[in-house]
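Residue strings, one per chain:
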Amino acid sequence: MKVNSPEDAELIVQKLPCDLGIHRNPRKGTLNAPDKLTADLDTGREILVDEVFPDEFNLEETHRRIEENTETLANYRTPLISVGGDHSVSFPTVKSLKQENPDLKLVWLDAHLDLKQKVDGHVSHDVVVRELLENGFSEDEIVFVGITRIDEDEQKFLDEHDLRVYMSDELDEFLREFTFSEQPCYLSIDIDVLDQSLAPGTGYPDGELTTGQVRQVIERVQPVHGDLVEVAPCLDEKGKTVGNGREVLQNLIEIV
């Protein structure tokens with residue numbers, strides 16, 4: 001059931017429409033995803049649906065609005081699930097929540113590391129984790145899972161830093177080994193972690209996991225906050241990506 005006040009909400013869903021964070025890939029289309037993914041949302045929980053409207057010409061201003069809104073919502077001490085938008089929206093969201101709770105840890109469920117270097121100073125979708133490491137997170141507070149593709153510059157970064165990475169075929173190992181010693185955790189889910197047959201409508205369809213495996217990760221992590229990003233409805237095939245994205249979102253809402 002949707003409510004109108006954060007004081008009445010068991011959970012807050014924050015819609016973050018944005019595609020300005022995608023700059024190395026012409027396969028854009030994430031702007032309308034939050035509306036598609038949250039349409040007729042029915043979870044049996046009391047949910048406030050909030051939205052941050054982007055500046056369609058300025059990524060930094062969009063991120064500023066998201067960070068400010070997240071900071072406001074964090075004051076209610078209520079689980080927050082953000083729905084993107086491209087993966088750049090996770091940067092201001094996670095950064096703000098980390099400032100609110102310095103013990104917050106991060107699990108990055110994605111086919112990609114997003115450890116690339118900034119271009120022209122912009123925090124685009126593929127540099128987010130590197131930026132978070134410069135904005136409050138230490139290397140031992142981040143775990144990657146579901147990875148299938150590592151670019152050369154990202155491998156160089158890994159060689160120089162102590163980060164835990166579980167490739168997609170190491171999921172069972174992650175499920176056995178994962179622990180943050182009961183510390184609060186944020187789970188960021190890029191839809192491209194799913195196999196291309198399940199999520200063709202995304203910018204880089206490189207994943208190999210099933211929706212069932214994604215649910216296993218959610219259950220294992222037990223996040224206090226999370227997000228779902230990179231669904232591109234205009235690139236979808238027969239609604240597969242939106243449909244499976246809605247399933248992932250429902251699982252996240254159920255478990256958070």
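No experiment lies behind these values; they were computed from the predicted model shown.

**Student:** I'm lost on the overall build of the protein in this one. Help?
**Tutor:** Helix and strand counts for the protein stand at 8 helices and 8 strands. Relative to a compact globule of 256 residues, whose C-alpha radius of gyration would be 18 Å, the protein shows 16 Å and is just as compact. When the 256 residues of the protein are sorted by exposure, 57% land in the buried category. The contacts in the protein between residues at least 6 apart in sequence include a share of 77% that link residues at least 24 apart. Carbon and sulfur atoms form 42% of the exposed surface of the protein, whose accessible area is close to 10,900 Å². In the protein, which carries 25 positive and 54 negative side-chain charges, the distance between the mean positions of the two groups comes to 2 Å.

**Student:** Got a minute to help me understand empty space enclosed by the protein in this structure?
**Tutor:** A water-sized probe rolled over the atoms picks out the places where empty space is left. This model, assessed by the stated rule, comprises 1 cavity of 30 Å³ or more. The volume enclosed by the largest cavity comes to roughly 30 Å³. Forming the walls of the largest cavity are Cys-18, Asp-19, Leu-20, Leu-31, Pro-54, Asp-55 and Glu-56.

**Student:** Would you explain the layout of surface pockets in this entry?
**Tutor:** Of the voids in this model, the largest pocket is the one considered here, and its volume is about 220 Å³. Lining the largest pocket are 15 residues, and of these His-112, Asp-114, His-125, Asp-126 and Tyr-204 sit closest to its centre. Among the residues forming the lining of the largest pocket, the class breakdown is 1 nonpolar, 4 polar and 10 charged.

**Student:** Explain the nonpolar core here, please?
**Tutor:** A general feature of soluble globular proteins is that nonpolar side chains tend to end up buried together. One finds Val-107, Leu-109, Phe-174, Leu-187 and Ile-189 to be the most contacted residues of the largest nonpolar core, which totals 39 residues. Counting residues per element, this core draws most heavily on helix H8 (residues 240–255), which supplies 6 residues. In this structure Leu-109 touches Val-145, Leu-187, Ser-188, Ile-189, Asp-190, Val-193, Leu-209, Val-214 and Val-217, once residues within four positions along its chain are discounted. Among the nonpolar cores identified, the runner-up in size contains 29 residues, and Leu-48, Leu-73, Ala-74 and Trp-108 belong to it.

**Student:** Quick question: what am I supposed to make of the pattern of salt bridges here?
**Tutor:** Opposite charge on two side chains permits pairing when their charged atoms draw close. Applying the stated rule across the entire model yields 19 salt bridges. Across the pair Lys-15 and Glu-51 runs a salt bridge whose closest N-O atoms are separated by 3.6 Å. Of this pair, Lys-15 sits in strand E1 (residues 11–16) while Glu-51 sits in strand E2 (residues 47–51); the two residues are 36 residues apart in sequence, bridging distant segments of the chain. The buried category is assigned to Lys-15, whose relative accessible area is 11%. The partly exposed category is assigned to Glu-51, whose relative accessible area is 26%. The residue Glu-131 makes a salt bridge to Lys-118 at a minimum N-O spacing of 3.5 Å. Of this pair, Glu-131 sits in helix H4 (residues 128–133) while Lys-118 sits in the loop between strand E4 (105–109) and H4, and the two are 13 residues apart along the sequence. Judged by relative accessible area, Lys-118 falls into the partly exposed class, the value being 39%. Several salt bridges converge on common partners, so that one network encompasses Lys-116, Arg-149, Asp-151, Asp-153 and Asp-206.

**Student:** Help me understand the sheet that holds strand E6 (residues 164–167), please; the structure alone is not making it clear to me.
**Tutor:** Backbone-to-backbone hydrogen bonds join strands into a sheet, with any given pair of strands oriented parallel or antiparallel. Ordered in space as E2-E1-E3-E8-E7-E4-E5-E6, the 8 strands form an open sheet in which the pairing is parallel. Two strands close off the open sheet at either side, each with one partner strand: E2 and E6. Across the sheet, the mean angle separating the axes of adjacent strands is 15° when strand polarity is ignored. Bridge count for E1 against E2 is 5 bridges, and the pairing is parallel. Residue pairing across strands places Gln-14 opposite Asp-50, the latter belonging to E2. Sitting on the sheet, helix H2 (residues 59–74) is in contact with E1, E2 and strand E3 (80–84), with an inclination near 175° to E1.

Criteria and cut-off values
- Residues numbered from 1 in each chain as written.
- Predicted model: local features only at pLDDT ≥ 70, side-chain atom pairs only at ≥ 80, totals over all residues.
- Heavy atoms only, no water.
- Helix = DSSP H or I, 4+ residues; strand = E, 2+ residues; numbered from the N terminus.
- Rg over C-alpha atoms; globule rule 2.2 N^0.38 Å.
- Buried < 20%, exposed > 50% of the residue type's maximum accessible area, 1.4 Å probe, protein only.
- Contact = heavy atoms within 4.5 Å.
- Areas by Shrake-Rupley, 256 points an atom, 1.4 Å probe, with all protein chains shown as cover.
- Lys, Arg positive; Asp, Glu negative; His and termini not counted.
- Charge placed at Lys NZ, Arg CZ, Asp CG, Glu CD.
- 1 Å grid on protein atoms, 1.4 Å probe; cavity = no way out; pocket = protein on both sides within 12 Å on 5 of 7 lines; lining within 4 Å.
- Points joined across faces, edges and corners; volume = space filled by probe spheres on them.
- Nonpolar A, V, L, I, M, F, W, Y, C, P; charged D, E, K, R; others polar.
- Core = buried A, V, L, I, M, F, W, Y, C linked by side-chain atoms within 4.5 Å.
- Salt bridge = Lys/Arg side-chain N within 4 Å of Asp/Glu carboxyl O.
- Pairing = 2+ DSSP bridges.
- Axes fitted to C-alpha atoms, helices over the stretch in contact; angles between N-to-C directions.

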